[in-house]
Amino acid sequence: MKKYMPEPFRIKMVEPIKMNTKEEREVFLKEAKYNMFNLKGEDVYIDLLTDSGTNAMSDRQWSGVMIGDEAYAGGKSYFKLVDAGQDIFGYEFIQPVHQGRAGEKVLFPIVMKKGQVAISNMFFDTTRAHVTLSGGKPLDCVCDEAKNPAVYADFKGNMNVEKLEKLILEFGRENVGMIVMTITNNSAGGQAVSIQNIREVAAIAKKYGILLNIDAARFAENAYFIKLREAEFKDSSIKEIIREMFSYADSFTMSAKKDAIVNMGGLIGIKEDAELYQKVKGTCISFEGFITYGGLSGRDLESLAIGLYEGIDENYLKYRHAQMEYLASGLMEAGVAIQNPAGGHGVYVDANAMFPHIPYYEFPGHTLCVELYKEAGIRTCDIGSFMLGNDPETGEQIQSEFEFARLAIPRRVYTQSHMDVIIEALTEIKQRASEVKGYRILWEPPILRHFQAHLEPIK
Ligand SMILES: *Cc1c(COP(=O)(O)O)cnc(C)c1O
């Protein structure tokens, strides 16, 4: 097993967590209709449901909470945030919003026309939903390497560039509303996207005159992967790499709840198109609030401006990456199959490999989530057919390319011994995997169903 890299911080404040028994957890699961999102946070021992907004802010960020400027218009914290965004991303216009999906809700209906398709290396679930809500059709176009979890590749998050161009020609340039590069590629396992790939995608976007938007939730973790794995950038600073990545796109939408290490926040960035920014401001005022707070408190803007810099600190990123590698190597040594390599924000356990006897429509990824909670009070979520949902046209269950249980690791929250508990729990489940049965849906809402659906175990 890899050595655990010591944390580049010490603990100043602690949050006690409740321990409970297997018997209690069985009851909680039943009450939650076997949906991880219905469990109470206080009944969870290690919460790996998401790395979104679950991060630990630093003493500096908490100081920022105190000095946040709550002016309705033109607050100091707003200008600090815009300065940070312009400095890090090199974009002229930075618009705060309350979270990533708010950015999608504001931007997508402006740049897309009804009936158009949007093509991504892989859409995240809310991003996919907002393309649909804008009257568009989301298409995934990830590289082939991503589809084979067992085989290592440096940049499994990449777009399949050949297929992208084929899709544009097939649908016709005028029917493609935008191209979205998700970095890192969350749904493929938090996998890295190379600058080379972004360059090639940008060249195609330019050739056909299509807007290129970056879904930038994990821009810093992606930059660190580029530094490690793309020779051209081995001596570049993280900030130089980020500037390079963003220079190829026209705009970005970003959930700041991930790499900007805050609990709430998001950004829209527009490189230089003042007309587009004008439209964004208008929609933002209707949905999010005035331009200079965008659905956030002044204190949120302040801690976000600070977090953006902490999230790109190389020592922090080195530790963060090493924590994932420790968890991944421990699991692989125990024979637990994962999307290889570890993602930037977590390890994606291959539930198809764990439960080859459970078909996609009985949700192997979700099944593994339930088992992990039963076993050790660990909460995770499905990245697979359960999350993907039904085809909006036919109503039939879509089969996902993957069936993962995602171990998303909150930033600066858990220690080495928590990682060891996770490894032990999965080792235990693997030993009884052949007896585990899948799940069926009892009730589901029409969109983003995995957040609310009710399930029951198949007898
Ligand atoms: C989290 C996330 C979003 C949505 O952001 P929220 O802050 O949860 O609304 C969009 N895209 C990706 C890749 C994400 O990880």
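Right above here is the structure, for reference.
Thresholds, definitions, all that
Residues numbered from 1 in each chain as written. Predicted model: local features only at pLDDT ≥ 70, side-chain atom pairs only at ≥ 80, totals over all residues. Heavy atoms only, no water. Salt bridge = Lys/Arg side-chain N within 4 Å of Asp/Glu carboxyl O. Helix = DSSP H or I, 4+ residues; strand = E, 2+ residues; numbered from the N terminus. Buried < 20%, exposed > 50% of the residue type's maximum accessible area, 1.4 Å probe, protein only. Pairing = 2+ DSSP bridges. Axes fitted to C-alpha atoms, helices over the stretch in contact; angles between N-to-C directions. Contact = heavy atoms within 4.5 Å. 1 Å grid on protein atoms, 1.4 Å probe; cavity = no way out; pocket = protein on both sides within 12 Å on 5 of 7 lines; lining within 4 Å. Points joined across faces, edges and corners; volume = space filled by probe spheres on them. Nonpolar A, V, L, I, M, F, W, Y, C, P; charged D, E, K, R; others polar. Near = heavy atom within 4 Å. Polar contact = N/O pair within 3.5 Å; in protein donor to acceptor, adjacent residues only side chain to side chain. Areas by Shrake-Rupley, 256 points an atom, 1.4 Å probe, with all protein chains shown as cover. Patch = residues over 30% accessible without salt bridge, like charges linked within 9 Å, V, L, I, M, F, W, Y side chains within 5 Å. Lys, Arg positive; Asp, Glu negative; His and termini not counted. Charge placed at Lys NZ, Arg CZ, Asp CG, Glu CD.

Novice: When you look at the pattern of salt bridges in this model, what are you seeing that I'm missing?
Specialist: Any two side chains of opposite charge can pair, on the condition that their charged atoms come close. Evaluated as defined, the whole model comprises 29 salt bridges. Among the ionic pairs, Lys227 bridges to Glu314, the shortest N-O distance being 3.9 Å. Linking Lys227 in helix α8 (residues 219–229) with Glu314 in helix α12 (residues 314–333), this pair joins segments that are 87 residues apart in sequence. Given the relative accessible area of 15%, Lys227 is considered buried. On the basis of relative accessible area, Glu314 is assigned to the partly exposed category, the value being 33%. Connected through shared salt-bridge partners, Asp51, Arg218, Glu221, Asp259, Arg320 and Arg411 make up one network.

Novice: What's the story with the sheet that holds strand β9 (residues 346–350) in this structure? I'm lost.
Specialist: Sheet strands pair via backbone hydrogen bonds, and the direction of the pair is either parallel or antiparallel. Spatial strand order, β9-β12-β11: three strands in an open sheet with antiparallel pairing. Each edge of the sheet is formed by a strand with only one pairing partner; in this case those strands are β9 and β11 (381–383). Looking at each pair of strands side by side, their axes are set apart by 35° on average, direction ignored. Looking at chain direction, β11 and strand β12 (residues 404–408) are connected through three bridges and run antiparallel. Within the sheet, the bridge partner assigned to Asp382 lies in β12 and is Ala405. Taken strand by strand, α12 contacts β9 and β12, and its axis lies near 20° from that of β9. Each of β9, β11 and β12 touches helix α14 (residues 364–376); the most contacted strand, β12, lies at about 50° to it.

Novice: Any chance you could explain the pairing of strand β8 (residues 266–270) here in plain terms?
Specialist: Sheet faces and side chains relate simply in a regular strand, where the side chains alternate between the two faces. Burial of β8 is extensive: five of the five residues sit out of reach of the surface. Alternating residues of β8 divide into Gly266, Ile268 and Ile270 and Leu267 and Gly269, and every residue in both groups is buried. The pairing of strand β2 (residues 93–97) with β8 spans five bridges and is classified as antiparallel. Of the residues in β8, the one forming a bridge with Phe93 is Ile270. Pairing between strand β7 (residues 251–255) and β8: five bridges, direction antiparallel. Residue Ser255 lies in a different strand from β8, and its bridge partner there is Gly266.

Novice: Mind showing me how you'd approach the layout of surface pockets here?
Specialist: Taking a probe equal in size to a water molecule and rolling it over the atoms shows the remaining empty space. If you add up the space inside the largest pocket, you get close to 1400 Å³. Sorting the residues of the lining of the largest pocket by element identifies α2 (59–67) and α12 as the ones contributing at least two each. Along the lines of polarity and charge, the residues of the lining of the largest pocket split into 17 nonpolar, nine polar and 12 charged.

Novice: Mind showing me how you'd approach the site of the ligand here?
Specialist: Near the ligand, the surroundings consist of 15 residues, among which Gln99, Arg101, Asp215, Ser255 and Lys258 are the closest. Within the side chain of Arg218, one N or O atom sits 2.8 Å away from an oxygen atom of the ligand. Residue Ser255 places a side-chain N or O atom 2.7 Å away from an oxygen atom belonging to the ligand. Surface burial for the ligand is 98%, taken as the share of its 380 Å² of free accessible area covered by protein chains. Top element by residues in the shell around the ligand is helix α4 (residues 100–111). It accounts for three residues.

Novice: I would appreciate a short explanation of a negative patch on the surface in the present structure.
Specialist: A contiguous patch of negative charge, built from Glu92, Asp250, Glu272, Asp273 and Glu275, is present on the exposed surface. With respect to the helices, strands and loops of the structure, Asp250 is situated in the loop between α9 (238–247) and β7.

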